[in-house]
Amino acid sequence: MTPAEPFYGPDFTQLAGQDPEVAQVLLDEVARVRGGLQLIASENFASPAVLAALGSTLTNKYAEGYPGRRYYGGCEVVDRAERIALDRARKLFGADHANVQPHSGASANLAAYAALLQPGDTALAMDLQHGGHLTHGSKVNFSGRWFHVVPYGVRRDSELIDYDEVRDLALRHQPKMIICGATSYPRLIDHAAFRGIADEVGAWLLVDAAHTIGLMAGGAIPSAVPYADVVTFTTHKGLRGPRGGGVLCTEELASLIDRAVFPFTQGGPLMHAVAAKAVAFGEAMRPEFAAYAAAVAANAATLAEGLTAEGMRPVSGGTDTHLALIDLRGLGVSGADAERRCAAAGVTLNRNVIPYDPEPPTVTSGIRVGTPCVTTQGMGVPEMREVASIVVQAIAHPGAVASVIERVKGLTATHPAYPRVD
Ligand code: PLP
């Protein structure tokens, strides 16, 4: 078995001796990401330092409660990890209050609903078909089952959020909470406009920045914090930290949010993940991260331009963020087929519904491409032109897959994910 590298976990040699079956899974996953291009917009490559914190003995500790106010003894050490994470989160995002315990973005959103609404209350959120997330009112999710969520969408002509429609719906339905933030919306969201509408109807404003928090942290796009009552986020997407979630809020809502996370929706926090979040926040405070965030956005713009030049149509005409949503109808290829053809060529991306998509979610007319991973690999504008050409070749000429695989290998050889260390 290959010698231990930090990317397999700090105690890989021990694992390999004890449980070669699982050790092989770890090896194969690193080999998988090294061997292809990862264009999933919600993924990234956490640093060896983040992985070290995740693989630590902090996983063992029960620490229900908050630093200095735990329901278990022996928390004085893990308290330090959470205090560092909280201090860094507040400083990084300029927020009054932070909670770093949510296990995921969905858990952070559950806590936000629990803090601000009662079951049956009305909220306004982006339609899933137009880029919203399951937690924004899907009937198969708690949000759609327990709350009355009215959807807003994008205009058919511009494919941009229709702020007039949002305002009309808010005036008509008088929601207690308005949610903005999305899973597959490539453009900047006008947080000031949402704030204005929320104020007009006396609603809370929740910004779900799961996708964009890394760009906000690095200053590549405007922060939502000055406008929102609550910002929820994930730590594993653009922020490049461990899998997990977090909440930022005003001082006024601090104790409501904290109580909604624990004890209302969660039990003991994952202290190894909290420590890893602290490491990620520390990394995001460095100037290199601002350069990274700017490069993620510049790369996405170049990738979208490259795909457009090769005959594809980016929804809304392009992107201001880390992702582009591509309408494939002009090529006569479904999103599902495109996803399969790209996978065969070593390019991992996901099919995605586009606004007003005639196809069901299992098929779709689009794909979503994102640049957080390839930018972590050090790729820039010239490589994005090559990636665009590779994606088009893979989708439009599946018969020529062998030559596309060679081109993917060329890129991953010069810009490896998790470069090997001695
Ligand atoms: N909110 C948005 C906008 C998302 O895109 C996602 C995940 O993709 C989530 C919430 C949920 O995050 P998680 O998968 O960590 O629960």
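Please refer to the structure placed before this passage.
Residues numbered from 1 in each chain as written. Predicted model: local features only at pLDDT ≥ 70, side-chain atom pairs only at ≥ 80, totals over all residues. Heavy atoms only, no water.

(A) Fine view of the overall build of the protein. A count of helices and strands for the protein gives 16 helices and 15 strands. Expected size for 422 residues packed as a compact globule is a radius of gyration near 22 Å; at 22 Å, the protein falls within 12% of this value. When its C-alpha atoms are laid out on the principal axes, the protein stretches across 60 × 55 × 35 Å. Taking all 422 residues of the protein together, 57% fall into the buried category. The contacts in the protein between residues at least 6 apart in sequence include a share of 71% that link residues at least 24 apart. Of the roughly 17,100 Å² that the protein leaves accessible, carbon and sulfur atoms contribute 54%. Computed over 35 positive and 43 negative side-chain charges, the inter-centroid distance for the protein is 2 Å. (Helix = DSSP H or I, 4+ residues; strand = E, 2+ residues; numbered from the N terminus. Rg over C-alpha atoms; globule rule 2.2 N^0.38 Å. Buried < 20%, exposed > 50% of the residue type's maximum accessible area, 1.4 Å probe, protein only. Contact = heavy atoms within 4.5 Å. Areas by Shrake-Rupley, 256 points an atom, 1.4 Å probe, with all protein chains shown as cover. Lys, Arg positive; Asp, Glu negative; His and termini not counted. Charge placed at Lys NZ, Arg CZ, Asp CG, Glu CD.)

(B) Layout of the nonpolar core. One finds F93, Y152, I161, I178, F194, L239 and F281 to be the most contacted residues of the largest nonpolar core, which totals 54 residues. Ranked by residue count, the leading element in this core is helix α4 (residues 76-93), at six residues. Residue contributions to this core reach at least three from each of two domains, namely domain 1 (57-284) and domain 2 (288-414). Aside from chain neighbours lying at most four places away, what touches F93 is I213, A217, S223, V225, F233, L239, L248 and F281. Counting 30 residues, the second-largest nonpolar core is a separate cluster that includes L328, A338, I367 and V408. (Core = buried A, V, L, I, M, F, W, Y, C linked by side-chain atoms within 4.5 Å. Domains from an automatic or database assignment.)

(C) Spatial organisation of helix α12 (residues 287-309). Over its 23 residues, α12 extends 33 Å from the first C-alpha to the last, a length consistent with the 33 Å expected when each residue adds 1.5 Å. For α12, the complete set of buried residues consists of F289, Y292, A293, V296, A297, N299, A300, T302, L303, A304, G306 and L307. Within two residues after α12, G311 carries a phi angle of roughly 100°, on the positive side. (Expected span 1.5 Å × (residues − 1).)

(D) A look at a nonpolar patch on the surface. Together, Y62, Y71 and Y72 make up a nonpolar patch on the protein surface, roughly 380 Å² of accessible area in all. Tracing the backbone shows Y72 in the loop between β3 (69-70) and α4. (Patch = residues over 30% accessible without salt bridge, like charges linked within 9 Å, V, L, I, M, F, W, Y side chains within 5 Å. Salt bridge = Lys/Arg side-chain N within 4 Å of Asp/Glu carboxyl O.)

(E) Representation of the packing of helix α13 (residues 335-344) against helix α15 (residues 381-396) in the model. One can describe the packing of α13 onto α15 by two numbers: an axis separation of 8 Å at closest approach and a directional angle of 110°. It follows from the interaxial angle that α13 and α15 lie roughly perpendicular. Between α13 and α15 lies a crossing of right-handed hand. Facing α13, whose interface residues are A338, R341 and C342, α15 presents V391, A394 and I395. (Axes fitted to C-alpha atoms, helices over the stretch in contact; angles between N-to-C directions. Parallel < 35°, antiparallel > 145°, perpendicular 65-115°, else oblique. Left-handed = near helix turned anticlockwise from the far one by under 90°.)

(F) Fine view of helix α8 (residues 191-201). Residues of α8 that are buried include every one of H191, F194, R195, I197, A198 and V201, and no others. Around the axis of α8, the buried residues are gathered within 165° of arc, so they sit on the same side. Where the residues of α8 are buried, they touch β6 (148-152), α7 (163-173), β7 (177-180), β8 (204-208) and α9 (213-217). Structurally, the start of α8 carries an N-cap: the backbone nitrogen of A192 is 3.2 Å from a side-chain oxygen of D190. (Arc of directions from axis to C-beta. Polar contact = N/O pair within 3.5 Å; in protein donor to acceptor, adjacent residues only side chain to side chain.)

(G) The arrangement of the packing of aromatic side chains in detail. Using the criterion set out here, one finds 14 aromatic pairs in the structure. Taking the centre distance of 5.8 Å and the plane angle of 55° together, the rings of Y71 and F262 count as tilted. Note that Y71 is positioned in the loop between β3 and α4 and F262 in helix α10 (residues 254-265), a separation of 191 residues in sequence. When the ring of F289 is compared with that of Y292, the centres are 5.4 Å apart and the planes differ by 50°; the resulting orientation is tilted. In this pair, F289 and Y292 both sit in helix α12, three residues apart, roughly one turn of the helix. The residues F289 and Y292 share a single accessibility class, namely buried. Put simply, the rings of Y113, F142, W146 and F147 touch in pairs and so form one group of aromatic residues. One residue, R156, lies across the ring of Y356, its end atom 4.1 Å from the ring centre. (Phe/Tyr/Trp six-rings, centres within 6.5 Å; stacked < 30°, edge-to-face > 60°. Lys NZ or Arg CZ within 6 Å of the ring centre and 35° of its normal.)

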